[in-house]
Amino acid sequence: RRGPGAPPRKAQPYLSPSGPLRDRRWFVLRDTALAWYNTDDDHTLQAPPKVMLSMSGYTVRETVEPGPARRSALMLLPRAVLAQPTEAPERAALAPKSWYIRAETDDETQRWLELLTVAIHRADQQQAAGMAGPSRER
């Protein structure tokens, strides 16, 4: 599908923990923002992302998927949720969304961990310097 002169791939596919093909998503990391597309074609055709998420205020944690496969996965969590007591569900409901992400291989998941960690650090530095806006979820 990619012809001569096409831009290089900047994303890796996402497969949900349940594994069905219909749950795949395509993520593109752009500096300090994570864009979520339904398919690689949406990204390639420059369709607007389904979600554009600023990494400022998030943390990424490595986890292991439950079940026999025990595959590596990532949790992208808003730090505000981590700091709030669990007895305040009304505040947790208003907090930014948490994300559970895994790539097709454990090596790709490790690469995403590295890239997201750098993007979060950069976004937090920009936020502290007054250069980044609030998280943008659609």
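Everything here concerns the structure above.
On a predicted model such as this, the values are computed, not experimentally measured, just so you know.

So, how was this worked out
- Residues numbered from 1 in each chain as written.
- Predicted model: local features only at pLDDT ≥ 70, side-chain atom pairs only at ≥ 80, totals over all residues.
- Heavy atoms only, no water.
- Helix = DSSP H or I, 4+ residues; strand = E, 2+ residues; numbered from the N terminus.
- Contact = heavy atoms within 4.5 Å.
- Areas by Shrake-Rupley, 256 points an atom, 1.4 Å probe, with all protein chains shown as cover.
- Core = buried A, V, L, I, M, F, W, Y, C linked by side-chain atoms within 4.5 Å.
- Buried < 20%, exposed > 50% of the residue type's maximum accessible area, 1.4 Å probe, protein only.
- Pairing = 2+ DSSP bridges.
- Axes fitted to C-alpha atoms, helices over the stretch in contact; angles between N-to-C directions.
- Polar contact = N/O pair within 3.5 Å; in protein donor to acceptor, adjacent residues only side chain to side chain.
- Salt bridge = Lys/Arg side-chain N within 4 Å of Asp/Glu carboxyl O.
- Expected span 1.5 Å × (residues − 1).

> Go over the overall build of the chain with me, naming the residues and quoting the values.
Counting secondary structure elements, the chain contains four helices and seven strands. The N-to-C order of helical and strand elements in the chain reads β-β-β-α-β-β-β-α-α-β-α. Sequence separation of at least 24 residues holds for 49% of the intrachain contacts in the chain that already meet a minimum separation of 6. Accessible surface computed for the chain: about 8400 Å², of which carbon and sulfur atoms make up 56%.

> How would you sum up the nonpolar core? Please name residues and give values.
In this structure, Leu34, Met55, Leu76, Trp99, Trp112 and Leu116 are the most contacted members of the largest nonpolar core, which totals 20 residues. Breaking this core down by element, the ones donating at least two residues are strand E2 (25–30), strand E3 (33–37), strand E4 (51–54), strand E5 (58–64), strand E6 (72–78), strand E7 (99–101) and helix H4 (106–128). Ignoring any residue separated from it by four or fewer positions in sequence, one finds leucine 76 in contact with Leu34, Leu53, Met55, Tyr58, Thr59, Val60, Lys97, Ser98, Trp99 and Ile120. Ranked by size, the runner-up nonpolar core spans six residues in total, among them Trp26, Ala33, Ala35 and Tyr37.

> Before we move on, could you go through the sheet that holds E7 and cite the residues and values that matter?
With antiparallel pairing, three strands are arranged side by side in an open sheet as E5-E6-E7. The open sheet has two edge strands with one neighbour each: E5 and E7. Each strand of the sheet is rotated relative to its neighbour by a mean of 25°, with strand direction disregarded. With respect to the sheet, H4 is in contact with E5 and E6, its orientation differing from that of E6 by roughly 20°.

> Any details on the environment of aspartate 124? Residues and values, ideally.
Relative to the elements of secondary structure, aspartate 124 occurs in helix H4. With residues near it in sequence (within four places) discarded, aspartate 124 still touches Met55, Ser56, Gly57 and Arg79. Of note is the side chain of aspartate 124, whose polar atom sits 2.7 Å from the side chain of arginine 79.

> Tell me about the pairing of E2, residues and numbers included.
Where E2 lies against E3, five bridges are found, and the strand directions are antiparallel. Paired with valine 28 across the bridge in E3 is alanine 35. Hairpin connection from E2 to E3: two residues lie between these consecutive antiparallel strands, with aspartate 31 at a positive phi of about 55°.

> Now, about the side chain of threonine 32: what can you tell me, with residues and values included?
With respect to the helices and strands, the residue threonine 32 is situated in the loop between E2 and E3. When neighbours within four sequence positions are excluded, threonine 32 is seen to be in contact with Leu53, Ser54, Met55, Ala119, Arg122, Ala123 and Gln126.

> I'd like a description of the pattern of salt bridges, backed by residues and values.
Under the criterion given, the structure shown has three salt bridges. Aspartate 31 is the partner of arginine 122 in a salt bridge, and the nearest nitrogen-oxygen pair spans 3.0 Å. In this pair, arginine 122 sits in helix H4 while aspartate 31 sits in the loop between E2 and E3, placing the two residues 91 residues apart along the sequence. For aspartate 31, a relative accessible area of 42% gives the class partly exposed. One salt bridge in this structure joins arginine 79 and aspartate 124, with 2.7 Å as the shortest N-O distance.

> Explain H4 residue by residue, including any values.
Because an α-helix packs 3.6 residues into every turn, residues spaced three or four apart end up facing the same way. With 23 residues, H4 extends 33 Å between its outermost C-alpha atoms, agreeing within 8% with the 33 Å of an ideal straight helix rising 1.5 Å per residue. Three or more residues of H4 are buried, namely Thr109, Trp112, Leu113, Leu116, Ala119, Ile120, Ala123 and Gln126. Where H4 terminates, the next one or two residues include glycine 130, which has phi positive at roughly 80°.

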